[in-house]
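Architecture at a glance
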Amino acid sequence: MESQKDTKIKILCLHGFRTSGSFLQKQISKWDASILSQFDMEFPDGKFPAGGKSDIEGIFPPPYFEWFQFDKDFTEYTNLEACISYLCDYITSKGPFDGLLGFSQGATLSALLLGYQAQGKLLKEHPAFKFFISISGSKFRKPSICEIAYKDRIKVKSVHLIGDKDWLKLPSEELASEFHNPLIIRHPQGHTVPRLDEVATEQLREWTKTIIQANTGTTPPPPLDSNHELQNGEAKSPVVAASCNKVQTGLLETSGVLNTEKTEREVEAVQA
């Protein structure tokens, strides 16, 4: 007989730049337990030790890790191929996984895996991922990557948590626009895994219920006909796609997607 854990829906969770899997697990623990109670979640550490100062030093204990490195314009990447190979091996050996969850660099990388898999570039023997939870994600900017990963709308059920004060707000909206019928949940915080108010908690809980229903063979509610976002329970207008190599003035140039992927030392990210 399969154990209860074996029958749960399995999610691979990828942390942000110069943090760790255990830090992301702590961040997610701020959410109401009912949202993800029926999911089996794995939180691996990035392939590479942090190559510089972590913004969570003094907030959460080391060690810290990063998935890959990048230039100030986020158009050139170091160790990205090695990172992708590492994750494909991890997914193949530890999976199959039903979905992906990522924060910041982890969300950006997760979306890349989804786009590459959809185009048949990797994980050809692994079942197609069914869903994606993105928190402060963004797109890669190198045209040769965009031409493959974002060639078509990614037809994976997705929810995107975007902060009103997040310095990656516009790149997060761009990423959402690359998905078919994305759900956007906005929150008033910055670049962090947000605390969810009652409305956002219910929105995300209802979204995960549709994942569970689909996995168990029951019929979920029909989706909306177009891209949609929710803020305080109200449907908002669709996100407009931006070109894959567009650099947001004053965003990538100053904050960089990322000179260091700063958490703005938001202590709320680690408070229980």
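You'll find the structure just up there.
The structure displayed is predicted, hence computed values, not measured ones.

Rules of the game
The numbers attached to residues start from 1 for each chain and follow its sequence in the written order. Predicted model: local features are reported for residues with pLDDT of at least 70 only, side-chain atom pairs are reported and counted for 80 or more only, and whole-chain, interface and lining totals are derived from all residues. Only heavy atoms go into the side-chain values, all of them from the structure, while hydrogens and water stay out. Counting from the N terminus, the helices are DSSP H or I runs at least four residues long and the strands are E runs at least two residues long. Three labels apply to residues, based on accessible area from a 1.4 Å probe with only protein chains included: buried if under 20% of the type maximum, exposed if over 50%, partly exposed otherwise in between. Every residue pair with non-hydrogen atoms within 4.5 Å of one another is taken to be in contact. What sets the accessible areas is the Shrake-Rupley method with a 1.4 Å probe; for residues, cover comes only from the shown protein chains. For our purposes a nonpolar core is just a set of buried Ala, Val, Leu, Ile, Met, Phe, Trp, Tyr and Cys residues, chained together by side-chain atoms within 4.5 Å. Note on method: axes are straight lines fitted to C-alpha atoms, helices fitted across the in-contact stretch only, with angles between N-to-C directions ranging 0 to 180 degrees. Here the angle decides the label: under 35 degrees means roughly parallel, over 145 means roughly antiparallel, 65 to 115 means roughly perpendicular, and every other value means oblique. The classification used treats Ala, Val, Leu, Ile, Met, Phe, Trp, Tyr, Cys and Pro as nonpolar, Asp, Glu, Lys and Arg as charged, and all other residues, Gly among them, as polar. In this description, the term disulfide denotes a pair of cysteine sulfurs within 2.5 Å. Being paired, for any two strands, means DSSP has found at least two bridges between them. With the strands aimed away from the viewer, a crossover counts as right-handed if its path from the first strand over the helix to the second runs clockwise.

Some remarks on the overall build of the protein chain
Counting its regular elements, the protein chain contains seven helices and 12 strands. Here the protein chain holds 272 residues, and the buried ones make up 55% of them. In the protein chain, once contacts between residues fewer than 6 apart in sequence are set aside, the share between residues at least 24 apart is 78%. Carbon and sulfur atoms provide 50% of the accessible area of the protein chain, an area that totals close to 12,000 Å².

What to know about the nonpolar core
F68, L80, L109, L112 and F140 are the most contacted members of the largest nonpolar core, which has 37 residues in total. Mapped by element, the contributors of at least two residues to this core are strand 1 (9–14), helix 3 (80–94), helix 4 (105–118) and helix 5 (143–149). I11, L196, L204 and I211 belong to the second-largest nonpolar core, a separate cluster that totals 26 residues.

So, the packing of helix 3 against helix 4
In contact at an axis separation of 12 Å, helix 3 and helix 4 are set at 75° when each is read in the N-to-C sense. Judged by the angle between their axes, helix 3 and helix 4 are roughly perpendicular. Residues L80, C83, I84, L87 and I91 of helix 3 lie in contact with helix 4, whose contacting residues are L109, L112, L113 and Y116. Partitioned by chemical class, the residues of the contact of helix 3 with helix 4 number nine nonpolar, no polar and no charged.

Points about unusual backbone geometry
Glycine aside, residues mostly have negative phi, and peptide bonds are mostly found in the trans state. Here the amide bond leading from P62 into P63 is cis, since omega sits at 10°, within 30 degrees of zero. Position of P63 relative to the elements: it lies in the loop between strand 3 (48–49) and strand 4 (65–66). Between G95 and P96 the backbone carries a cis peptide bond, its omega angle lying at 10°. Here P96 lies in the loop between helix 3 and strand 7 (99–103). At S136, a position not held by glycine, the phi torsion is positive, near 55°. Checked against the element boundaries, S136 lands in the loop between strand 8 (131–135) and helix 5.

Observations regarding the state of the cysteines
Across all of its chains, the model carries zero disulfides by this definition. The thiol of C83 is unpaired, and the distance to the nearest cysteine sulfur, on C88, comes to 9.3 Å.

Here's the deal with the pairing of strand 1
Strand 1 sits mainly inside the fold: six of its six residues count as buried. Pairing analysis gives four bridges linking strand 1 to strand 2 (residues 39–42), with the strands arranged parallel. From the neighbouring strand, I11 faces strand 2, where its bridge partner is M41. Once you follow strand 1 into helix 2 (residues 21–28) and on to strand 2, the crossover reads as right-handed. Bridging between strand 1 and strand 7 involves four bridges; their strand directions are parallel. Bridge assignment links L14 to a residue of strand 7, and that residue is G102.

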